[in-house]
Amino acid sequence: MNENYKPISCDINSRSCCSSFTEVKLEKDFKSHWDKAYERTETDKLGWYEIMPEPSLLLIDKCKLSKNAALLNVGAGASTLVDELLKLGYENIIANDLSSSALNKLKARLGEEKSDNVRWIVDDLTRPTVLKSLEPIALWHDRAVLHFFNEKKEQEDYFDLLKKLVQTDGFVILATFNLNGATNCSGLPVHRYNKEMLQEKLGASFELLEAFDYTYTMPSGSLREYVYTLFKRMK
Ligand SMILES: C[S@@+](CC[C@H](N)C(=O)[O-])C[C@H]1O[C@@H](n2cnc3c(N)ncnc32)[C@H](O)[C@@H]1O
């Protein structure tokens, strides 16, 4: 573990300890943290690994997107969603992550031919450089990424980017730990949400089409409580 990296030992309900840690330490260490998480653990042992990303696929199916629609999976990690979208025939998939190690694992699993059909963007969602200049996208998919942004400024930057990129009539899937969910993940504090909080962040131009709570079983057998939401941008 990175020597600058402190595991969570404070009471998460007392935000002060973790907030100052986030401000002071994490700013420069996030990329290193995530690279190491992917480098030291087999993908299917990661605490967020899904053999089949069923809840995401269920919501994506409801969007009735064309096969050439631009689908952006933010903080994709090494998740199996890209594999499944390719199998379904989607041709315009963009996979983003802060961690190049994560995306390299995903590329290796897909193999050269399939990974050549995906656009790969290593970039920070809260300080985007490359992502900022993407074309309008039809789907923003986030599972287990937004909840790591504890600072108001990070959340604002994340939602500013989302609103800049998602086209009118485009869709947003946000899956985060819900209010009964764990208070940390991968040794980091998380900010939990319910559907109303996500609606407030997105604003009135986004209409909530569907929301459900979902209990995810980690490879260790532990349970994690998520909320899945599907929004459509109306204007
Ligand atoms: C818990 S994992 C979830 C990965 C994937 N979405 C999934 O469902 O398996 C969180 C992911 O968010 C990525 N991440 C964290 N902070 C990020 C940031 N600022 N910008 C882009 N990706 C980030 C991490 O590298 C990691 O892959």
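What counts, and where the lines are drawn
- Residues numbered from 1 in each chain as written.
- Predicted model: local features only at pLDDT ≥ 70, side-chain atom pairs only at ≥ 80, totals over all residues.
- Near = placed C-beta within 6 Å.
- Helix = DSSP H or I, 4+ residues; strand = E, 2+ residues; numbered from the N terminus.
- Nonpolar A, V, L, I, M, F, W, Y, C, P; charged D, E, K, R; others polar.
- Pairing = 2+ DSSP bridges.
- Axes fitted to C-alpha atoms, helices over the stretch in contact; angles between N-to-C directions.
- Contact = placed C-beta atoms within 7 Å.
- Core = buried A, V, L, I, M, F, W, Y, C linked by C-beta atoms within 7 Å.
- Buried ≥ 20, exposed ≤ 12 C-beta atoms within 10 Å, placed from the backbone.

Enquirer: Explain the site of the ligand here, please?
Expert: Every one of the 21 residues lining the ligand counts as a neighbour, but Trp34, Gly75, Gly77, Ser79 and Leu98 are closest to it. Breaking the shell around the ligand down by element, the ones donating at least two residues are helix H1 (15-40) and strand E2 (93-97). Looking at the shell around the ligand residue by residue, the classes come out as 11 nonpolar, seven polar and three charged.

Enquirer: I tried to follow the pairing of strand E8 (residues 206-217) on my own but got confused; where do I start?
Expert: The side chains of a regular strand alternate between both faces of the sheet. Relative to strand E9 (residues 223-233), E8 runs antiparallel, the two sharing 11 bridges. Paired with Thr215 across the two strands is Glu225, which belongs to E9. Hairpin remark: E8 followed by E9, antiparallel, with five residues in the connecting loop; positive phi at Gly221, about 100°.

Enquirer: Is there a simple way to explain the sheet that holds E8 in this structure?
Expert: The pairing of strands in a sheet happens through backbone hydrogen bonds and is either parallel or antiparallel. Taken together, the seven strands give an open sheet; going across it, the order is E3-E2-E1-E4-E5-E9-E8, and neighbouring strands pair in mixed fashion. The outermost strands of the open sheet, each flanked by one partner alone, are strand E3 (118-122) and E8. Along the sheet, successive strands turn relative to each other by an average axial angle of 15°, direction set aside. Pairing geometry for strand E1 (residues 71-74) and strand E4 (residues 137-143), over four bridges, is parallel. Looking at the pairing, Leu72 lines up with Trp140 of E4. Helix H6 (residues 152-165) rests against E1, E4 and strand E5 (166-177) of the sheet, and its axis sits at about 145° to E5.

Enquirer: Where do I start with the nonpolar core in this structure?
Expert: Soluble, globular proteins show a tendency: their nonpolar side chains are buried together. Residues Leu72, Trp140 and Val172 are the most contacted members of the largest nonpolar core, which totals 56 residues. For this core, the element with the most residues is E5, which contributes seven residues. Once residues lying within four places of it in the same chain are set aside, the contact partners of Trp140 are Leu72, Val74, Leu162, Leu165, Val166 and Val172.

Enquirer: What am I meant to see in the environment of Phe171 here?
Expert: Mapped onto the secondary structure, Phe171 falls in strand E5. For Phe171, a count of 25 C-beta atoms within 10 Å gives the class buried. Measuring from C-alpha to C-alpha, the distance between Phe171 and Leu230 comes to 7.0 Å, with 59 residues separating the pair along the chain. Those residues in contact with Phe171 that sit more than four places away from it in its chain are Cys63, Ala138, Leu139, Leu230, Phe231 and Lys232.

Enquirer: Is there a simple way to explain unusual backbone geometry in this structure?
Expert: Among all residues except glycine, the phi angle is most often negative; among peptide bonds, the trans geometry is most common. The backbone of Ala144 shows a phi angle near 65°, a positive value even though the residue is not glycine. Mapping Ala144 onto the fold places it in the loop between E4 and H6. The phi torsion at Ser186 lies on the positive side, around 55°, for a residue other than glycine. Assignment of secondary structure puts Ser186 in the loop between strand E6 (184-185) and strand E7 (188-189).

Enquirer: Teacher, can you tell me more about the environment of Arg233 here?
Expert: Looking at where Arg233 falls in the secondary structure, it is placed in strand E9. Sequence separation between Arg233 and Val172 is 61 residues, and the spatial gap between their C-alpha atoms is 7.8 Å. In this structure, Arg233 is in contact with Val166, Gln167, Thr168, Asp169, Gly170, Ser205 and Phe206, ignoring residues within four places of it in sequence.

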